[in-house]
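The residues making up each chain are set out below.
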Amino acid sequence: MKLIITGSTGFLATELTRQSLSNPLITSLITLGRKPCPPPDPSTLLPNADLSKLKSVILEDFDRDDYPDNIKSDLSNADACIWTIAITPAQLKTVPWETTVKVCRDYAVTGIKVISSLTDKRPFRFVYVSGANAVRDPAKKPLLLGDYCVLRGEAENKILEFGKTSGGRVEVAIAKPGIISGPTKETGVLVRVFFGVVGIGKVRVGQVAGALLEGVAKGFERETYENEDLVRVGSGTVAGGE
């Protein structure tokens, strides 16, 4: 299968790439981002990693209604896409709200429309990585990061609606991880306590990646993967159970 991973230099995207290189079901791997995907660290590679199936594709401007022809050629005939591009809560203070809306919602909506139109594979599977605190009903806007949570929920709704109106061409899943940690990114005690109080759980980056790769390769077991689903499914995969 041919898989596209967006946000190629991000924390989750890097782990998705690492696991994909050793997944025999994935024969072609395209990383799509504004910057080149850095070569994987040999010391972190899993057994049987195949670097020859990796291609880094650079799209410097995602703020558009369509992609350039050369980019579309590289993305054509894909089986699945995992969309990880977003502005994180930690970045909100330094990124204008208008930009946050574009990155978290508009880029993904354009992405699913363009990429799904470039393939004859049925179904084309698309994962939108959101967050545990995103809300699809604005009436349930939380006190903490309320506008941001509603925005992410609005993006979820748009992506889900696209899948439902595709006539079976596109299968969509939403991933809602909590606090993602890993070997190079541990969460401080105070942050863990704070998010524990507001009910946001913790998940390892390997578990998130393992669960999402399982879904795009073998079919989604559910439309929405809550944090506990990512922990459960991801722990059952070879790399996610590390």
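Residues numbered from 1 in each chain as written. Predicted model: local features only at pLDDT ≥ 70, side-chain atom pairs only at ≥ 80, totals over all residues. Heavy atoms only, no water.

The protein appears in an unreviewed UniProt entry as NAD(P)-binding domain-containing protein from Podospora pseudopauciseta.

Peer 1: With reference to specific residues and values, describe the environment of G153.
Peer 2: Looking at the element boundaries, G153 is found in helix α4 (residues 146-164). Using a relative accessible area of 0% as the deciding quantity, one classes G153 as buried. Sequence separation of G153 and A132 is 21 residues, and the distance between their C-alpha atoms is 10.0 Å. (Helix = DSSP H or I, 4+ residues; strand = E, 2+ residues; numbered from the N terminus. Buried < 20%, exposed > 50% of the residue type's maximum accessible area, 1.4 Å probe, protein only.)

Peer 1: Lay out the nonpolar core with the relevant residues and their values.
Peer 2: Counting 37 residues, the largest nonpolar core has Y67, W83, F126, Y128 and I159 as the members making the most contacts within it. Secondary structure elements with two or more residues in this core: β2 (28-33), α2 (69-75), β4 (80-83), α3 (97-117), β5 (124-129), α4 and β6 (170-176). At nine residues, the largest contribution of residues to this core is made by α3. Beyond its immediate chain neighbours, meaning those up to four positions away, Y67 contacts L59, F62, K72, L75, W83, Y107, T110, G111, V114 and I115. (Core = buried A, V, L, I, M, F, W, Y, C linked by side-chain atoms within 4.5 Å. Contact = heavy atoms within 4.5 Å.)

Peer 1: Tell me about the environment of V208, and name the residues and values.
Peer 2: With respect to the element layout, V208 can be found in helix α6 (residues 205-218). Each C-alpha atom, one on V208 and one on G10, is 13 Å from the other, the two residues being 198 residues apart in sequence. Contacts of V208, omitting those with residues within four sequence positions, involve L12, P177, I180, V203 and L230.

Peer 1: Tell me about the pattern of salt bridges, and please be specific about residues and values.
Peer 2: It is possible for side chains of opposite charge to pair when their charged atoms get near one another. Scanning the entire structure with this criterion turns up 18 salt bridges. When the shortest N-O distance is used, the salt bridge between R18 and E15 registers 2.9 Å. Taken together, the residues span about one helical turn, with R18 and E15 both in helix α1 (residues 11-20) at a distance of three residues. Among the residues examined, R18 registers a relative accessible area of 14% and is labelled buried. Measuring nitrogen to oxygen at the nearest pair gives 3.1 Å for the salt bridge that ties E171 to R125. Linking E171 in strand β6 with R125 in strand β5, this pair joins segments that are 46 residues apart in sequence. A single network of salt bridges, built from pairs that share partners, joins E221, R222, D229 and R232. (Salt bridge = Lys/Arg side-chain N within 4 Å of Asp/Glu carboxyl O.)

Peer 1: An account of the packing of aromatic side chains is needed here, citing residue identities and associated values.
Peer 2: Considering all chains together, one arrives at four aromatic pairs under this definition. Both rings, one in F62 and one in Y67, keep their centres 6.4 Å apart while their planes meet at 85°; by these two values the pair is edge-to-face. The pair F62 / Y67 is uniform in exposure class, with both members buried. Among the aromatic residues, those joined into a ring-pair cluster are F62, Y67, W83, Y107 and F126. (Phe/Tyr/Trp six-rings, centres within 6.5 Å; stacked < 30°, edge-to-face > 60°.)

Peer 1: Please give an account of the pairing of strand β1 (residues 2-6) that cites residues and values.
Peer 2: Across the five residues that make up β1, a large majority, five, are buried. Here β1 shows a buried face lined by K2, I4 and T6 and a second buried face lined by L3 and I5. Sheet analysis places β1 next to β2, joined by five bridges and oriented parallel. In the strand pairing of β2, T6 is matched with L32. Taking the sense of rotation as the criterion, the β-α-β connection linking β1, α1 and β2 turns out right-handed. Bridge count for β1 against β4 is three bridges, and the pairing is parallel. Bridge assignment links I5 to a residue of β4, and that residue is I82. (Pairing = 2+ DSSP bridges. Right-handed = clockwise from strand over helix to strand, strands pointing away.)

Peer 1: Give a description of the side chain of E156 that names residues and reports values.
Peer 2: Along the chain, E156 falls in helix α4. According to the relative accessible area criterion, E156 is buried, its value standing at 0%. Among the polar contacts made by the side chain of E156, one reaches the side chain of R136 at a distance of 2.5 Å. Once residues lying within four places of it in the same chain are set aside, the contact partners of E156 are Y128, S130, G131, A134, R136, I174 and K176. (Polar contact = N/O pair within 3.5 Å; in protein donor to acceptor, adjacent residues only side chain to side chain.)

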